[in-house]
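Chain residues, written in single-letter form:
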Amino acid sequence: MNRGSRTSMTNTPMTTFSEPDIPDFDVIRSCVHCGFCLPTCPTYVLTGKERSSPRGRIWLMKAVREGRMDMMDPIFDYEMSFCLNCRACEAVCPSGVEYGQILEASRAQLERAHNGGSAQARAAKGLTYGFLFKDMRRLRAASHGLKLYQRSGLQGAVRKSGILELIGLAEQEMMLPELSDEFLAPQGQTWPAIGESVGRVALFTGCIMSTAYADVHQATIRVLNRNGYDVTAVNEQTCCGALHVHGGDLDGGRELARQNIDSFDLDAFDAVIINAAGCGAALKEYGHLLHNDPAYAERASAFSGKVMDVAEFLAGIGLSAQPGPLAARVTYQEPCHLAHAQRITAQPRTLLEAIPELTLVEMPESSLCCGSAGVYNVTQPEAARELGNRKVDNALAVEPEIIVSANPGCMLQLQGILRSRGVDVEVLHIVELLDRAYQNRIPARSTAERAAD
Ligand code: SF4
Ligand code: SF4
(Lines give C-alpha, C1' and ligand atoms only; values in the text may rest on other atoms or scores of the structure.)
(Ligands and ions follow the chains in the order given, each with its own letter.)
Protein backbone atom coordinates (compact mmCIF):
# COMPACT_ATOMS: atom_id res chain seq x y z
CA MET A 1 0.00 0.00 0.00
CA ASN A 2 2.93 2.34 0.58
CA ARG A 3 3.07 4.20 -2.69
CA GLY A 4 6.25 6.09 -1.75
CA SER A 5 6.82 9.81 -1.50
CA ARG A 6 5.53 11.79 -4.43
CA THR A 7 7.85 14.65 -3.48
CA SER A 8 10.95 12.62 -4.08
CA MET A 9 9.71 11.33 -7.44
CA THR A 10 8.34 14.50 -9.00
CA ASN A 11 9.93 17.21 -6.90
CA THR A 12 6.54 18.91 -6.51
CA PRO A 13 5.30 19.60 -3.01
CA MET A 14 2.71 17.19 -1.65
CA THR A 15 -0.75 18.34 -0.73
CA THR A 16 -1.44 17.45 2.86
CA PHE A 17 -4.00 18.24 5.52
CA SER A 18 -4.20 21.88 6.49
CA GLU A 19 -6.14 24.02 8.97
CA PRO A 20 -9.00 24.11 9.76
CA ASP A 21 -10.56 20.73 10.57
CA ILE A 22 -7.50 18.51 10.29
CA PRO A 23 -8.38 14.87 11.10
CA ASP A 24 -7.45 14.37 14.75
CA PHE A 25 -4.07 12.59 14.88
CA ASP A 26 -4.83 11.09 18.30
CA VAL A 27 -7.96 9.47 16.87
CA ILE A 28 -6.01 8.14 13.88
CA ARG A 29 -3.29 6.76 16.16
CA SER A 30 -5.80 5.09 18.46
CA CYS A 31 -6.32 2.37 15.81
CA VAL A 32 -4.36 -0.68 16.94
CA HIS A 33 -4.82 -2.52 13.61
CA CYS A 34 -6.63 -5.44 15.24
CA GLY A 35 -8.98 -5.89 12.28
CA PHE A 36 -12.10 -6.59 14.37
CA CYS A 37 -13.93 -4.03 12.25
CA LEU A 38 -13.22 -5.64 8.87
CA PRO A 39 -16.11 -8.16 8.72
CA THR A 40 -18.61 -5.43 9.65
CA CYS A 41 -17.53 -3.06 6.88
CA PRO A 42 -19.82 -3.16 3.82
CA THR A 43 -17.14 -1.99 1.37
CA TYR A 44 -14.71 -4.63 2.68
CA VAL A 45 -17.48 -7.24 2.47
CA LEU A 46 -18.07 -6.23 -1.17
CA THR A 47 -14.44 -6.02 -2.28
CA GLY A 48 -12.30 -8.01 0.16
CA LYS A 49 -9.68 -5.25 -0.24
CA GLU A 50 -7.72 -4.02 2.76
CA ARG A 51 -7.63 -0.46 1.44
CA SER A 52 -11.48 -0.46 1.33
CA SER A 53 -11.69 -1.49 4.99
CA PRO A 54 -11.79 0.83 8.04
CA ARG A 55 -8.23 -0.20 9.00
CA GLY A 56 -7.05 0.48 5.43
CA ARG A 57 -8.68 3.88 5.31
CA ILE A 58 -7.22 4.86 8.67
CA TRP A 59 -3.83 3.78 7.31
CA LEU A 60 -4.36 6.09 4.32
CA MET A 61 -5.31 9.01 6.61
CA LYS A 62 -2.21 8.36 8.71
CA ALA A 63 0.00 8.27 5.62
CA VAL A 64 -1.35 11.65 4.49
CA ARG A 65 -1.08 13.08 8.01
CA GLU A 66 2.57 11.98 8.21
CA GLY A 67 3.40 13.31 4.74
CA ARG A 68 4.01 9.86 3.22
CA MET A 69 1.10 10.13 0.78
CA ASP A 70 -0.32 13.00 -1.22
CA MET A 71 -3.85 13.92 -0.21
CA MET A 72 -4.66 14.29 -3.92
CA ASP A 73 -3.66 10.67 -4.57
CA PRO A 74 -6.63 9.12 -6.42
CA ILE A 75 -6.62 6.14 -4.05
CA PHE A 76 -7.12 8.39 -1.03
CA ASP A 77 -9.79 10.39 -2.82
CA TYR A 78 -11.62 7.26 -3.97
CA GLU A 79 -11.59 5.52 -0.61
CA MET A 80 -12.88 8.56 1.27
CA SER A 81 -15.80 8.65 -1.16
CA PHE A 82 -16.33 4.85 -1.38
CA CYS A 83 -16.80 4.65 2.42
CA LEU A 84 -20.49 4.83 3.34
CA ASN A 85 -19.87 6.55 6.70
CA CYS A 86 -22.14 3.82 8.11
CA ARG A 87 -19.92 3.61 11.22
CA ALA A 88 -20.35 -0.12 11.66
CA CYS A 89 -16.59 -0.10 12.31
CA GLU A 90 -16.97 2.33 15.20
CA ALA A 91 -19.56 0.19 16.96
CA VAL A 92 -17.27 -2.85 17.19
CA CYS A 93 -13.91 -1.14 17.68
CA PRO A 94 -12.28 -2.17 20.98
CA SER A 95 -10.07 0.95 20.90
CA GLY A 96 -13.02 3.31 20.52
CA VAL A 97 -11.71 4.87 17.29
CA GLU A 98 -14.08 7.71 16.40
CA TYR A 99 -13.98 6.88 12.73
CA GLY A 100 -16.87 9.14 11.64
CA GLN A 101 -15.03 12.21 12.96
CA ILE A 102 -11.82 11.57 11.03
CA LEU A 103 -13.67 10.57 7.86
CA GLU A 104 -15.75 13.75 7.86
CA ALA A 105 -12.65 15.86 8.51
CA SER A 106 -10.81 14.07 5.66
CA ARG A 107 -13.71 14.72 3.31
CA ALA A 108 -13.73 18.38 4.29
CA GLN A 109 -10.00 18.55 3.46
CA LEU A 110 -10.59 16.97 0.05
CA GLU A 111 -13.56 19.19 -0.67
CA ARG A 112 -11.44 22.27 -0.04
CA ALA A 113 -8.42 20.96 -1.95
CA HIS A 114 -10.61 20.18 -4.98
CA ASN A 115 -12.39 23.50 -4.64
CA GLY A 116 -15.74 21.68 -4.63
CA GLY A 117 -14.93 19.48 -7.66
CA SER A 118 -15.94 19.92 -11.32
CA ALA A 119 -18.15 22.81 -12.45
CA GLN A 120 -21.05 20.33 -12.68
CA ALA A 121 -20.44 19.01 -9.14
CA ARG A 122 -20.15 22.57 -7.79
CA ALA A 123 -23.44 23.53 -9.44
CA ALA A 124 -25.21 20.43 -8.05
CA LYS A 125 -23.88 21.05 -4.55
CA GLY A 126 -24.69 24.75 -4.77
CA LEU A 127 -28.29 23.94 -5.68
CA THR A 128 -28.78 21.26 -3.02
CA TYR A 129 -26.51 22.02 -0.03
CA GLY A 130 -26.24 25.76 -0.65
CA PHE A 131 -29.80 26.58 -1.69
CA LEU A 132 -32.54 23.96 -1.18
CA PHE A 133 -31.28 22.49 2.10
CA LYS A 134 -30.32 25.87 3.57
CA ASP A 135 -33.91 27.07 3.83
CA MET A 136 -36.79 24.68 4.36
CA ARG A 137 -39.25 27.07 2.66
CA ARG A 138 -37.30 26.60 -0.57
CA LEU A 139 -37.23 22.82 -0.14
CA ARG A 140 -40.97 22.70 0.47
CA ALA A 141 -41.62 24.88 -2.61
CA ALA A 142 -39.49 22.53 -4.76
CA SER A 143 -41.23 19.52 -3.18
CA HIS A 144 -44.62 20.95 -4.22
CA GLY A 145 -43.32 20.87 -7.83
CA LEU A 146 -42.29 17.23 -7.39
CA LYS A 147 -45.67 16.40 -5.87
CA LEU A 148 -47.38 17.90 -8.93
CA TYR A 149 -45.16 15.73 -11.18
CA GLN A 150 -46.19 12.64 -9.19
CA ARG A 151 -49.89 13.42 -8.78
CA SER A 152 -50.64 14.85 -12.26
CA GLY A 153 -49.94 11.58 -14.07
CA LEU A 154 -46.79 13.05 -15.63
CA GLN A 155 -44.58 10.65 -13.67
CA GLY A 156 -46.41 7.60 -15.06
CA ALA A 157 -46.21 8.98 -18.59
CA VAL A 158 -42.50 9.78 -18.29
CA ARG A 159 -41.77 6.30 -16.89
CA LYS A 160 -43.65 4.62 -19.74
CA SER A 161 -42.08 6.80 -22.43
CA GLY A 162 -38.62 5.22 -22.02
CA ILE A 163 -36.98 8.64 -21.91
CA LEU A 164 -35.52 7.98 -18.45
CA GLU A 165 -33.67 4.89 -19.75
CA LEU A 166 -32.44 6.95 -22.69
CA ILE A 167 -30.87 9.62 -20.48
CA GLY A 168 -29.69 7.06 -17.89
CA LEU A 169 -31.87 8.33 -15.03
CA ALA A 170 -34.38 5.47 -14.73
CA GLU A 171 -32.84 4.03 -11.58
CA GLN A 172 -32.49 7.39 -9.82
CA GLU A 173 -36.07 8.35 -10.73
CA MET A 174 -37.33 5.09 -9.24
CA MET A 175 -35.77 6.16 -5.91
CA LEU A 176 -37.76 9.42 -5.73
CA PRO A 177 -39.82 9.50 -2.56
CA GLU A 178 -43.59 9.40 -2.86
CA LEU A 179 -44.41 12.76 -1.30
CA SER A 180 -46.96 13.07 1.50
CA ASP A 181 -50.29 14.75 0.71
CA GLU A 182 -49.68 17.37 3.39
CA PHE A 183 -46.24 18.66 4.38
CA LEU A 184 -45.46 19.50 7.99
CA ALA A 185 -44.14 23.05 8.20
CA PRO A 186 -43.04 23.86 11.78
CA GLN A 187 -44.80 27.03 12.92
CA GLY A 188 -44.79 26.67 16.68
CA GLN A 189 -47.95 24.51 16.68
CA THR A 190 -48.64 22.15 19.61
CA TRP A 191 -50.55 18.86 19.53
CA PRO A 192 -51.88 18.20 23.05
CA ALA A 193 -51.56 14.90 24.91
CA ILE A 194 -54.56 12.58 24.94
CA GLY A 195 -55.76 12.59 28.52
CA GLU A 196 -53.59 13.99 31.25
CA SER A 197 -50.30 15.50 30.06
CA VAL A 198 -47.19 14.04 31.63
CA GLY A 199 -44.68 16.16 29.74
CA ARG A 200 -43.82 18.21 26.69
CA VAL A 201 -41.47 17.36 23.85
CA ALA A 202 -40.29 19.18 20.72
CA LEU A 203 -40.45 17.44 17.35
CA PHE A 204 -37.46 17.96 15.07
CA THR A 205 -39.15 18.18 11.66
CA GLY A 206 -36.10 18.19 9.35
CA CYS A 207 -36.09 18.31 5.56
CA ILE A 208 -37.13 15.08 3.78
CA MET A 209 -39.12 13.97 6.82
CA SER A 210 -41.32 17.07 6.68
CA THR A 211 -42.14 16.63 2.99
CA ALA A 212 -41.75 13.02 1.78
CA TYR A 213 -42.44 11.48 5.18
CA ALA A 214 -44.75 14.02 6.81
CA ASP A 215 -47.11 11.07 7.46
CA VAL A 216 -44.40 9.60 9.71
CA HIS A 217 -44.36 12.89 11.64
CA GLN A 218 -48.13 12.72 12.06
CA ALA A 219 -47.84 9.13 13.33
CA THR A 220 -45.04 10.21 15.71
CA ILE A 221 -47.20 13.00 17.11
CA ARG A 222 -50.22 10.68 17.59
CA VAL A 223 -48.13 8.01 19.34
CA LEU A 224 -46.49 10.56 21.66
CA ASN A 225 -49.91 12.17 22.39
CA ARG A 226 -51.36 8.76 23.26
CA ASN A 227 -48.53 8.27 25.71
CA GLY A 228 -49.27 11.53 27.48
CA TYR A 229 -46.91 14.01 25.79
CA ASP A 230 -47.71 17.40 24.30
CA VAL A 231 -45.73 17.77 21.08
CA THR A 232 -44.53 21.10 19.67
CA ALA A 233 -42.98 21.84 16.26
CA VAL A 234 -40.88 24.90 17.07
CA ASN A 235 -40.63 27.61 14.47
CA GLU A 236 -37.39 28.52 12.63
CA GLN A 237 -35.85 25.07 13.00
CA THR A 238 -34.16 23.85 9.84
CA CYS A 239 -32.33 20.90 8.23
CA CYS A 240 -29.98 19.14 10.68
CA GLY A 241 -26.97 19.59 8.36
CA ALA A 242 -26.07 15.87 8.20
CA LEU A 243 -25.87 15.90 4.39
CA HIS A 244 -23.47 18.85 4.53
CA VAL A 245 -21.26 17.32 7.24
CA HIS A 246 -21.11 13.90 5.57
CA GLY A 247 -20.27 15.53 2.23
CA GLY A 248 -17.36 17.54 3.66
CA ASP A 249 -19.17 20.91 3.94
CA LEU A 250 -18.55 21.30 7.67
CA ASP A 251 -19.11 25.06 7.64
CA GLY A 252 -22.49 24.59 5.92
CA GLY A 253 -23.42 22.03 8.60
CA ARG A 254 -22.29 24.40 11.36
CA GLU A 255 -24.44 27.22 10.01
CA LEU A 256 -27.54 24.99 10.15
CA ALA A 257 -26.60 23.66 13.58
CA ARG A 258 -26.39 27.21 14.98
CA GLN A 259 -29.81 28.05 13.56
CA ASN A 260 -31.33 24.94 15.16
CA ILE A 261 -29.70 25.64 18.52
CA ASP A 262 -31.07 29.20 18.44
CA SER A 263 -34.58 27.91 17.61
CA PHE A 264 -35.17 25.56 20.54
CA ASP A 265 -35.85 26.74 24.08
CA LEU A 266 -34.43 23.62 25.74
CA ASP A 267 -35.85 24.42 29.17
CA ALA A 268 -39.36 24.21 27.75
CA PHE A 269 -39.04 20.57 26.66
CA ASP A 270 -38.30 17.17 28.21
CA ALA A 271 -36.61 16.09 24.97
CA VAL A 272 -36.08 16.99 21.32
CA ILE A 273 -37.57 14.03 19.46
CA ILE A 274 -36.21 12.89 16.13
CA ASN A 275 -37.54 10.07 13.96
CA ALA A 276 -34.79 10.00 11.30
CA ALA A 277 -31.69 8.04 12.40
CA GLY A 278 -29.20 9.97 10.24
CA CYS A 279 -30.47 13.33 11.48
CA GLY A 280 -30.54 12.07 15.07
CA ALA A 281 -26.87 11.08 14.92
CA ALA A 282 -25.99 14.50 13.47
CA LEU A 283 -27.98 16.36 16.15
CA LYS A 284 -26.34 14.33 18.90
CA GLU A 285 -22.95 15.38 17.51
CA TYR A 286 -23.53 19.16 17.44
CA GLY A 287 -21.36 19.29 20.56
CA HIS A 288 -18.40 18.00 18.57
CA LEU A 289 -19.24 19.94 15.40
CA LEU A 290 -19.19 23.26 17.27
CA HIS A 291 -16.59 22.45 19.93
CA ASN A 292 -14.25 25.15 18.59
CA ASP A 293 -16.94 27.82 18.52
CA PRO A 294 -16.77 29.70 21.86
CA ALA A 295 -20.21 31.25 21.38
CA TYR A 296 -21.95 27.91 20.74
CA ALA A 297 -19.83 25.06 22.14
CA GLU A 298 -21.66 24.81 25.46
CA ARG A 299 -25.12 25.33 24.00
CA ALA A 300 -24.37 22.76 21.29
CA SER A 301 -23.52 20.12 23.90
CA ALA A 302 -26.67 20.97 25.87
CA PHE A 303 -28.74 20.69 22.70
CA SER A 304 -27.21 17.31 21.80
CA GLY A 305 -27.92 16.10 25.33
CA LYS A 306 -31.66 16.72 24.84
CA VAL A 307 -31.98 14.87 21.52
CA MET A 308 -33.61 11.44 21.58
CA ASP A 309 -34.68 9.12 18.82
CA VAL A 310 -38.41 8.42 19.06
CA ALA A 311 -37.83 4.68 19.68
CA GLU A 312 -35.23 5.48 22.35
CA PHE A 313 -37.67 7.89 24.03
CA LEU A 314 -40.74 5.61 23.91
CA ALA A 315 -38.86 2.54 25.10
CA GLY A 316 -37.26 4.66 27.83
CA ILE A 317 -40.55 5.97 29.26
CA GLY A 318 -42.31 2.63 28.69
CA LEU A 319 -45.55 2.70 26.71
CA SER A 320 -48.23 3.94 29.09
CA ALA A 321 -50.90 3.26 26.47
CA GLN A 322 -51.13 -0.37 25.38
CA PRO A 323 -51.11 -0.80 21.57
CA GLY A 324 -53.87 -2.89 19.99
CA PRO A 325 -53.24 -6.19 18.22
CA LEU A 326 -51.60 -6.23 14.81
CA ALA A 327 -51.31 -9.69 13.33
CA ALA A 328 -48.45 -9.33 10.86
CA ARG A 329 -45.08 -10.90 10.14
CA VAL A 330 -42.56 -8.06 10.49
CA THR A 331 -38.82 -7.79 9.98
CA TYR A 332 -36.68 -4.88 11.19
CA GLN A 333 -34.04 -3.17 9.02
CA GLU A 334 -31.52 -1.48 11.32
CA PRO A 335 -30.49 1.97 10.12
CA CYS A 336 -26.72 2.35 10.48
CA HIS A 337 -26.96 5.71 12.16
CA LEU A 338 -29.33 4.30 14.75
CA ALA A 339 -27.53 1.00 15.41
CA HIS A 340 -23.89 2.06 14.96
CA ALA A 341 -23.73 5.83 15.47
CA GLN A 342 -26.32 6.01 18.29
CA ARG A 343 -26.02 2.37 19.48
CA ILE A 344 -29.80 2.01 19.62
CA THR A 345 -30.60 -1.61 18.83
CA ALA A 346 -32.76 -3.05 21.60
CA GLN A 347 -35.35 -0.26 21.89
CA PRO A 348 -36.99 -0.62 18.43
CA ARG A 349 -37.32 -4.37 19.02
CA THR A 350 -38.78 -3.78 22.49
CA LEU A 351 -41.46 -1.57 20.95
CA LEU A 352 -42.26 -4.07 18.20
CA GLU A 353 -42.52 -6.86 20.77
CA ALA A 354 -45.02 -4.73 22.73
CA ILE A 355 -47.54 -5.02 19.87
CA PRO A 356 -49.87 -7.97 20.53
CA GLU A 357 -50.05 -10.65 17.81
CA LEU A 358 -47.12 -9.17 15.85
CA THR A 359 -44.46 -11.70 14.82
CA LEU A 360 -40.97 -10.21 14.69
CA VAL A 361 -38.58 -12.16 12.47
CA GLU A 362 -34.91 -11.19 12.28
CA MET A 363 -33.49 -10.89 8.78
CA PRO A 364 -29.90 -12.00 8.08
CA GLU A 365 -27.32 -9.17 8.16
CA SER A 366 -29.87 -6.79 9.66
CA SER A 367 -27.21 -4.24 10.59
CA LEU A 368 -25.29 -4.31 7.27
CA CYS A 369 -25.76 -0.98 5.45
CA CYS A 370 -28.53 -0.92 2.81
CA GLY A 371 -26.39 1.29 0.57
CA SER A 372 -28.51 4.40 0.87
CA ALA A 373 -26.10 6.53 2.96
CA GLY A 374 -27.14 10.07 2.01
CA VAL A 375 -26.13 10.71 -1.58
CA TYR A 376 -24.30 7.38 -2.01
CA ASN A 377 -26.80 6.33 -4.70
CA VAL A 378 -25.50 9.24 -6.77
CA THR A 379 -21.78 9.11 -5.90
CA GLN A 380 -21.35 5.29 -5.87
CA PRO A 381 -24.36 3.89 -7.77
CA GLU A 382 -22.92 0.39 -8.32
CA ALA A 383 -22.06 -0.30 -4.68
CA ALA A 384 -25.35 1.29 -3.57
CA ARG A 385 -27.26 -1.02 -5.93
CA GLU A 386 -25.35 -4.10 -4.80
CA LEU A 387 -25.87 -3.37 -1.10
CA GLY A 388 -29.51 -2.43 -1.66
CA ASN A 389 -30.24 -5.68 -3.48
CA ARG A 390 -28.42 -7.66 -0.82
CA LYS A 391 -30.51 -5.97 1.88
CA VAL A 392 -33.78 -6.64 0.03
CA ASP A 393 -32.78 -10.29 -0.58
CA ASN A 394 -32.04 -10.66 3.14
CA ALA A 395 -35.35 -9.05 4.11
CA LEU A 396 -37.40 -11.14 1.68
CA ALA A 397 -35.66 -14.32 2.85
CA VAL A 398 -37.73 -14.23 6.06
CA GLU A 399 -40.97 -13.68 4.12
CA PRO A 400 -42.24 -10.56 5.89
CA GLU A 401 -45.53 -8.81 5.26
CA ILE A 402 -43.99 -5.56 6.50
CA ILE A 403 -40.39 -4.30 6.62
CA VAL A 404 -39.89 -1.77 9.40
CA SER A 405 -37.14 0.83 9.50
CA ALA A 406 -36.43 4.10 11.27
CA ASN A 407 -34.71 6.30 8.73
CA PRO A 408 -35.95 7.97 5.52
CA GLY A 409 -32.85 7.01 3.48
CA CYS A 410 -33.25 3.31 4.27
CA MET A 411 -36.99 3.46 3.60
CA LEU A 412 -36.41 5.14 0.23
CA GLN A 413 -33.80 2.56 -0.74
CA LEU A 414 -36.00 -0.41 0.24
CA GLN A 415 -39.14 1.04 -1.34
CA GLY A 416 -37.29 1.89 -4.57
CA ILE A 417 -35.79 -1.58 -4.99
CA LEU A 418 -39.01 -3.40 -4.07
CA ARG A 419 -40.89 -1.22 -6.59
CA SER A 420 -38.33 -1.89 -9.32
CA ARG A 421 -38.65 -5.65 -8.67
CA GLY A 422 -42.45 -5.45 -8.63
CA VAL A 423 -42.57 -6.94 -5.10
CA ASP A 424 -45.52 -5.86 -3.00
CA VAL A 425 -44.14 -5.75 0.56
CA GLU A 426 -44.92 -2.73 2.68
CA VAL A 427 -42.13 -0.59 4.14
CA LEU A 428 -43.09 1.39 7.24
CA HIS A 429 -41.40 3.50 9.86
CA ILE A 430 -41.61 1.93 13.31
CA VAL A 431 -43.91 4.70 14.61
CA GLU A 432 -46.28 4.17 11.69
CA LEU A 433 -46.63 0.55 12.76
CA LEU A 434 -47.19 1.56 16.40
CA ASP A 435 -49.72 4.14 15.29
CA ARG A 436 -51.53 1.49 13.27
CA ALA A 437 -51.56 -0.80 16.31
CA TYR A 438 -53.01 2.01 18.43
CA GLN A 439 -55.80 2.43 15.90
CA ASN A 440 -56.69 -1.25 16.49
CA ARG A 441 -56.88 -0.66 20.20
CA ILE A 442 -60.21 -1.22 21.92
CA PRO A 443 -60.95 2.17 23.50
CA ALA A 444 -60.64 2.11 27.29
CA ARG A 445 -64.05 2.30 28.87
CA SER A 446 -64.86 4.78 31.58
CA THR A 447 -65.50 3.67 35.15
CA ALA A 448 -69.19 4.58 34.69
CA GLU A 449 -69.47 2.39 31.57
CA ARG A 450 -67.83 -0.54 33.36
CA ALA A 451 -70.11 -0.05 36.40
CA ALA A 452 -73.16 -0.19 34.09
CA ASP A 453 -72.19 -3.69 32.86
S1 SF4 B 1 -11.41 -2.35 15.17
FE2 SF4 B 1 -10.67 -0.28 15.67
S3 SF4 B 1 -8.57 -0.58 16.34
FE4 SF4 B 1 -9.17 -2.46 15.28
S5 SF4 B 1 -8.52 -2.12 13.14
FE6 SF4 B 1 -10.64 -1.47 13.27
S7 SF4 B 1 -10.52 0.73 13.69
FE8 SF4 B 1 -8.49 -0.12 14.16
S1 SF4 C 1 -17.91 3.74 7.97
FE2 SF4 C 1 -18.79 1.82 7.15
S3 SF4 C 1 -18.03 1.71 5.04
FE4 SF4 C 1 -16.77 3.24 6.11
S5 SF4 C 1 -14.99 2.12 6.85
FE6 SF4 C 1 -16.49 2.11 8.55
S7 SF4 C 1 -17.68 0.23 8.26
FE8 SF4 C 1 -16.58 0.60 6.33
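Calculation rules
- Residues numbered from 1 in each chain as written.
- Chains lettered and ligands numbered in written order.
- Predicted model: local features only at pLDDT ≥ 70, side-chain atom pairs only at ≥ 80, totals over all residues.
- Helix = DSSP H or I, 4+ residues; strand = E, 2+ residues; numbered from the N terminus.
- Rg over C-alpha atoms; globule rule 2.2 N^0.38 Å.
- Contact = placed C-beta atoms within 7 Å.
- Pairing = 2+ DSSP bridges.
- Right-handed = clockwise from strand over helix to strand, strands pointing away.
- Near = placed C-beta within 6 Å.
- Nonpolar A, V, L, I, M, F, W, Y, C, P; charged D, E, K, R; others polar.
- Axes fitted to C-alpha atoms, helices over the stretch in contact; angles between N-to-C directions.
- Parallel < 35°, antiparallel > 145°, perpendicular 65-115°, else oblique.
- Domains from an automatic or database assignment.
- Buried ≥ 20, exposed ≤ 12 C-beta atoms within 10 Å, placed from the backbone.
- Arc of directions from axis to C-beta.

*Asks:* It is not clear to me how the overall build of the protein chain should be interpreted in this structure. Could you clarify?
*Replies:* Looking only at helices and strands, the protein chain features 27 helices and nine strands. Taking 22 Å as the expected radius of gyration for a compact globule of 453 residues, we find that the protein chain reaches 23 Å, a close match to that expectation. When contacts within the protein chain are restricted to residue pairs at least 6 apart in sequence, long-range pairs at least 24 apart make up 78% of them.

*Asks:* What exactly am I supposed to notice about the pairing of strand E8 (residues 402-405) here?
*Replies:* Within a regular beta strand, the side chains point alternately toward one face of the sheet and then the other, so they alternate between its two faces. Pairing of strand E6 (residues 329-332) with E8 involves three bridges; the strand directions are parallel. From the neighbouring strand, Thr 331 faces E8, where its bridge partner is Ile 403. Bridge count for E8 against strand E9 (residues 426-429) is four bridges, and the pairing is parallel. Each bridged residue has a counterpart across the sheet, and for Val 404 the counterpart in E9 is Leu 428. Read from E8 through helix H25 (residues 408-421) to E9, the crossover connection turns out right-handed.

*Asks:* Looking at this model, I keep getting lost on the site of ligand 1. Mind explaining?
*Replies:* Inspection of the region around ligand 1 gives 14 residues, with Cys 31, Cys 34, Cys 37, Arg 55 and Cys 93 positioned closest. Sorting elements by how many residues they give to the shell around ligand 1 places helix H4 (residues 54-65) first, with three residues. A breakdown of the residues in the shell around ligand 1 according to their chemical character gives 10 nonpolar, three polar and one charged.

*Asks:* Is there a simple way to explain the site of ligand 2 in this structure?
*Replies:* In the vicinity of ligand 2 lie 14 residues, with Cys 41, Pro 54, Cys 83, Cys 86 and Cys 89 positioned nearest. When grouped by side-chain class, the residues that make up the shell around ligand 2 number nine nonpolar, three polar and two charged.

*Asks:* I keep staring at the packing of helix H24 (residues 381-396) against H25 and nothing clicks. Help me out?
*Replies:* Helix-helix packing is described using two parameters, namely the angle between the two axes and the distance between the axes. One can describe the packing of H24 onto H25 by two numbers: an axis separation of 10 Å at closest approach and a directional angle of 80 degrees. When the axes of H24 and H25 are compared, the pair comes out roughly perpendicular. Counted together, Gly 388, Asn 389, Lys 391 and Val 392 of H24 and Gln 413, Leu 414, Ile 417 and Leu 418 of H25 form the full contact between these two elements. Of the residues that constitute the contact of H24 with H25, the class distribution is four nonpolar, three polar and one charged.

*Asks:* Can you help me understand the domain arrangement of the protein chain in this one?
*Replies:* Where the parts come together, the accessible area they lose is often given as the size of the interface. Taken as a whole, the protein chain is organised into domain 1 (6-115), domain 2 (121-174), domain 3 (189-316) and domain 4 (321-439). Once you take the C-alpha centre of each, domain 1 and domain 2 turn out to be 33 Å apart.

*Asks:* Explain helix H5 (residues 74-82) here, please?
*Replies:* Helical periodicity: at 3.6 residues per turn, an α-helix aligns residues three or four positions apart in one direction. Among all positions of H5, only Phe 76, Glu 79 and Met 80 are buried. Down the axis of H5, the sector holding all buried residues measures 100 degrees, keeping them to one side.

*Asks:* Could you clarify how one ought to interpret the environment of Asn 377 in this entry?
*Replies:* Topologically, Asn 377 is positioned in helix H23 (residues 376-379). Put simply, Asn 377 and Cys 207 are 170 residues apart on the chain and 18 Å apart in space, counted from C-alpha to C-alpha. Excluding anything up to four places from it in sequence, Asn 377 contacts Gln 172, Met 175, Ser 372 and Ala 384.

*Asks:* Teacher, can you tell me more about the sheet that holds strand E1 (residues 189-191) here?
*Replies:* Note: strands within a sheet are paired through backbone hydrogen bonds, in either parallel or antiparallel orientation. One open sheet accounts for five strands, arranged E1-E3-E2-E4-E5; its pairing is mixed. If you trace the sheet from one side to the other, it starts and ends with E1 and strand E5 (307-309), each paired once. Within the sheet, the average angular offset between the axes of one strand and its neighbour, ignoring direction, is 35 degrees. Pairing geometry for strand E2 (residues 199-203) and strand E4 (residues 271-274), over three bridges, is parallel. Residue pairing for E4: Ala 202 is matched across the bridge by Val 272. Together, E4 and E5 form the strand contacts of helix H17 (residues 277-284), whose direction differs from that of E5 by roughly 155 degrees.

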